[in-house]
Number of protein chains: 2
Amino acid sequence: MDAESAEPGTVRPGGRTARVRAAVLQAAGDSLAERGFAHLDLADVARRAEVGKTTVYRRWGTVTGLVADLLTDMAEQSLPRTETGSLLGDLRANARLVQRTLADPRQGALFKAVIAAATCEPKTAEALHRFYDIRVSEWAPCVQQAIDRGEVPEGTDTHEVIRATSAPLYYRLLTSGDRLDEAAADRAAEAAAAAARAGAYPRSTRPSGTRPGVSRSTPRPAHVP
Amino acid sequence: MDAESAEPGTVRPGGRTARVRAAVLQAAGDSLAERGFAHLDLADVARRAEVGKTTVYRRWGTVTGLVADLLTDMAEQSLPRTETGSLLGDLRANARLVQRTLADPRQGALFKAVIAAATCEPKTAEALHRFYDIRVSEWAPCVQQAIDRGEVPEGTDTHEVIRATSAPLYYRLLTSGDRLDEAAADRAAEAAAAAARAGAYPRSTRPSGTRPGVSRSTPRPAHVP
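Remember, it's a predicted structure, so these values are computed and weren't measured experimentally.

1. Describing the overall build of chain A
Thought 1: In terms of helices and strands, chain A carries 10 helices and 0 strands.
Thought 2: N-terminal to C-terminal, the α/β element order of chain A is α-α-α-α-α-α-α-α-α-α.
Thought 3: Counting every position in chain A, which comprises 225 residues, the buried fraction comes to 55%.
Thought 4: For chain A, the share of sequence-separated contacts (at least 6 apart) that also reach a separation of at least 24 residues comes to 65%.
Thought 5: When the accessible surface of chain A is summed, it comes to about 9400 Å², and 50% of that surface belongs to carbon and sulfur atoms.

This is how it looks when you write it as structure tokens:
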């Protein structure tokens, strides 16, 4: 194995290093979808990928490192953004893509597993945040186009409109358990478009780039949500 | 210990059984918030609660049973719904309550832990869905009042408006990592109110009470969300 010089992120596409990485990430994704993060194991991933155990340990080091690289790879695998000429059409295309992914048995289980891992692994949380930053940035231009067309007010937070389109679908996946069907996707898109047209997503005055996570200065409430 | 006849859900408030349950559930919540679901352990919970190990094993049986009972208890601890006289005011009160809870270090960690557990434990998922059903049902009347006042169209799905108010806050907590501050709560409320006024949440034609989880008949997509 030629792993010595191959840190994640420096692989050349098409070479043996890239083939090994693809096999290992596929195996990691399969294992996460089948068994969840708690049972992810580098030796098992190596066996599934038919790759030497030493290679996997040397290149990825820990399961956290492996999941972070999987998320980097997932972020690179985007589909081209659909342009329909209207905000509602574009958001509907986005919502249906998210819904189909989350409703897919393997992909839905994989997203649940990495989101669960991120709740207790700060490095996985960072990798997950980067993944969503990339996805949201890819789709935000459709909101800018809606601003340019006059569909949506100037000063609208384009990224927030994309996040708002996904949020109800993740809420179904992770908390309420309600059906993740195409009607849910269309409703999420319609709600985000309507709220955007009404000016409900103004850019905040907070300096961009800050991400302090969760505010710590709030009073302690009862179990409310 | 008088645990023999005390199944979860049949405890009498105020008695020794209720005091034992309160101590055990407090300890379970503390452990989940500090260490996550993967490290939840009945013997450790018994020690923290200063309750006999046998009592905890006999009454709750498994960590899954204990988490389900904790969620039942959390569902019972609601605060009274605020009535402000306008849909936006009511939704803002709801969103701020959710935001304060999720932004609280202990409570936020506890919610992350039970949501993560629900991704891989079907019984925990059922208990979590029941928790959200109860919370959403408590707040849905504010949307009905908005319908009655003519603020929102007839036929609006009152529960869905409440879920839509929470969804962006859970999205921040679990996926994007963006700041969970009061501005995020107010924006979530404004967006849900604007979308509701625009008629974006019509009641679906699906028979109520069905919850088939995730549709299984969709084509397999790339890693898109």
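2. Concerning the pattern of salt bridges
Thought 1: One pass over the full model with this rule turns up 39 salt bridges over all chains.
Thought 2: The partner of D157 of chain A in a salt bridge is R187 of chain B, and the shortest N-O contact between them spans 3.7 Å. Linking D157 of chain A in the loop between helix 8 (141-149) and helix 9 (158-176) with R187 of chain B in helix 9 (residues 182-197), this pair reaches from one chain into another.
Thought 3: For R172 of chain B, the salt bridge is made with E160 of chain A, and the minimal N-O distance between the two is 3.1 Å. Taken together, the positions of R172 of chain B in helix 8 (residues 158-176) and E160 of chain A in helix 9 put the pair across two chains. E160 of chain A carries the same exposure label as R172 of chain B, and that label is buried.
Thought 4: Bridged by salt links that share partners, the residues D157, E160 and R163 of chain A together with R172, D178 and R187 of chain B form one connected network.

3. What to know about the environment of D148 of chain B
Thought 1: Relative to the assigned elements, D148 of chain B resides in helix 7 (residues 122-148).
Thought 2: Once the C-alpha coordinates of D148 of chain B and E121 of chain B are considered, the two residues, 27 residues apart in sequence, prove to be 40 Å apart.

4. Focus: empty space enclosed by the protein
Thought 1: All chains considered together, the criterion is met by 5 cavities of 30 Å³ or more.
Thought 2: In this structure, the largest cavity spans a volume of roughly 270 Å³.
Thought 3: Taken together, 24 residues make up the lining of the largest cavity; nearest its centre are A164, P168 and Y201 of chain A together with A164 and P168 of chain B.
Thought 4: Where the lining of the largest cavity is concerned, the elements lending two or more residues are helix 9 and helix 10 (182-197) of chain A together with helix 8 and helix 9 of chain B.
Thought 5: With 7 residues, the top contributor of residues to the lining of the largest cavity is helix 9 of chain A.

5. Side note on the packing of aromatic side chains
All names here are of chain A.
Thought 1: Summed over the entire model, instances satisfying the criterion amount to 10 aromatic pairs over all chains.
Thought 2: Geometrically, the ring pair formed by F111 and F131 is tilted, given 5.8 Å between the ring centres and 55° between the ring planes. In this pair, F111 is assigned in helix 6 (residues 105-118) and F131 in helix 7 (residues 122-139), connecting sequence segments 20 residues apart.
Thought 3: Relative accessible area serves as the criterion here: at 0%, F111 is assigned to the buried category.
Thought 4: Overall, F131 belongs to the buried group, its relative accessible area being 1%.

6. A closer look at helix 9 of chain A
All names here are of chain A.
Thought 1: Compared with an ideal rise of 1.5 Å per residue, which puts 19 residues at 27 Å, helix 9 spans 27 Å between its outermost C-alpha atoms and is within 8% of the ideal.
Thought 2: The largest bend in helix 9 comes to about 30°, at A167, with the proline P168 one to four residues further on.
Thought 3: Within helix 9, 18 of the 19 residues are buried, which leaves it mostly tucked inside the rest of the structure.
Thought 4: The N-capping residue of helix 9, defined by a side-chain oxygen 3.2 Å from the backbone nitrogen of H159, is D157.
Thought 5: Just past helix 9, the residue G177 takes up positive phi, approximately 75°.

7. Considerations on the UniProt feature "domain: HTH tetR-type" (unreviewed entry) in chain A
Thought 1: UniProt marks residues 18-78 of chain A with the feature "domain: HTH tetR-type" (unreviewed entry), using the numbering shown here.
Thought 2: Across residues 18-78 of chain A, helical content stands at 79% and strand content at 0%; the span's end C-alpha atoms are separated by 18 Å.

8. Digging into the UniProt feature "DNA-binding region" (unreviewed entry) in chain A
Thought 1: Within the UniProt annotation, "DNA-binding region" (unreviewed entry) is assigned to residues 41-60 of chain A.
Thought 2: Annotation note: span residues 41-60 of chain A, helix share 80%, strand share 0%, distance between end C-alpha atoms 12 Å.

9. Describing the packing of helix 1 (residues 16-35) of chain B against helix 4 (residues 63-76) of chain B
All names here are of chain B.
Thought 1: Contact pair helix 1 / helix 4: the axes reach a minimum separation of 10 Å and the direction vectors enclose 105°. In terms of axis orientation, helix 1 runs roughly perpendicular to helix 4. Residues R21, V24, L25, A28, G29 and L32 of helix 1 form the contact with helix 4, whose participating residues are L66, V67, D69, L70, T72, D73 and E76.
Thought 2: Partitioning the contact of helix 1 with helix 4 into residue classes produces 7 nonpolar, 2 polar and 4 charged.

10. Concerning the domain arrangement of chain A
Residue and element names in this part refer to chain A.
Thought 1: Each assigned domain of chain A is listed here: domain 1 (15-66) and domain 2 (78-197).
Thought 2: One C-alpha centre belongs to domain 1, the other to domain 2; they are set 28 Å apart.
Thought 3: Around 690 Å² of area is buried between domain 1 and domain 2 when both sides are counted, 67% of it from carbon and sulfur atoms.
Thought 4: When the area that domain 1 buries against domain 2 is broken down by residue, the three leading residues are A33, F37 and T64, summing to 64%.
Thought 5: R106 is paired through a salt bridge with D30; the nearest N and O atoms lie 2.8 Å apart.
Thought 6: Scanning the region where domain 1 abuts domain 2 turns up 3 residue pairs in polar contact (both at pLDDT 80 or more).

Each value, and the rule that gives it
Chains are numbered independently. Their residues run from 1 in the order of the written sequence. Each chain takes a letter, starting from A, and each ligand takes a number, starting from 1, following the order in which they are written. Reporting of local features is limited, given that this is a predicted model, to residues whose pLDDT is at least 70; pairs of side-chain atoms are given and counted only at 80 or more, and all residues count toward the totals for whole chains, interfaces and linings. The side-chain quantities take in all heavy atoms of the structure and omit both hydrogens and water. Numbering of helices and strands runs from the N terminus, with a helix taken as a DSSP run of H or I at least four residues long and a strand as a DSSP run of E at least two residues long. We call a residue buried when its accessible area falls under 20% of the maximum for its residue type, exposed when it is over 50%, and partly exposed in between, using a 1.4 Å probe and counting protein chains only. The contact criterion used is simple: two residues touch if any of their non-hydrogen atoms lie within 4.5 Å. Computed with a 1.4 Å probe, the accessible areas rest on the Shrake-Rupley method; for each residue, only the protein chains presented here act as cover. The term salt bridge refers to a pairing of a side-chain nitrogen on Lys or Arg with a carboxyl oxygen on Asp or Glu at a separation within 4 Å. Cavity means a closed set of points on a 1 Å grid over the protein atoms alone, one where a 1.4 Å probe fits but cannot get out, pocket means an open set with protein on both sides within 12 Å along at least 5 of 7 lines, and lining means a residue has an atom within 4 Å of a point. Grid points are joined across faces, edges and corners, and a volume is the space filled by probe spheres set on the points. Aromatic pairing here means that ring centres of Phe, Tyr or Trp (its six-membered ring) are within 6.5 Å. Orientation follows from the plane angle: under 30 degrees is stacked, over 60 is edge-to-face, and everything else is tilted. Between the first and last residue of a helix there are one fewer steps than residues, each counted as 1.5 Å, and that sum is the expected span. For a residue, the bend is simply the angle between two axes, fitted respectively to the seven-residue segment ending there and the seven-residue segment starting there. Residues adjacent in sequence count toward polar contacts only when both atoms are side-chain atoms; beyond that, a polar contact is any pair of N or O atoms within 3.5 Å, and within protein one must be able to donate a hydrogen and the other to accept it. UniProt positions are given in the numbering used here, feature names are shortened, and annotations may be inferred rather than shown by experiment. Only the stretch in contact is used when a helix axis is fitted, and all axes are lines through C-alpha atoms; the angle between N-to-C directions ranges over 0 to 180 degrees. Note on terminology: angles under 35 degrees are roughly parallel, angles over 145 are roughly antiparallel, angles of 65 to 115 are roughly perpendicular, and the others are oblique. As a working rule, the residues Ala, Val, Leu, Ile, Met, Phe, Trp, Tyr, Cys and Pro are called nonpolar, Asp, Glu, Lys and Arg charged, and the rest polar, with Gly in that last group. For each domain, the first and last residues come from an automatic or database assignment. What counts as buried area is the accessible surface, traced by a 1.4 Å probe, that two parts surrender upon association, with contributions from both included.

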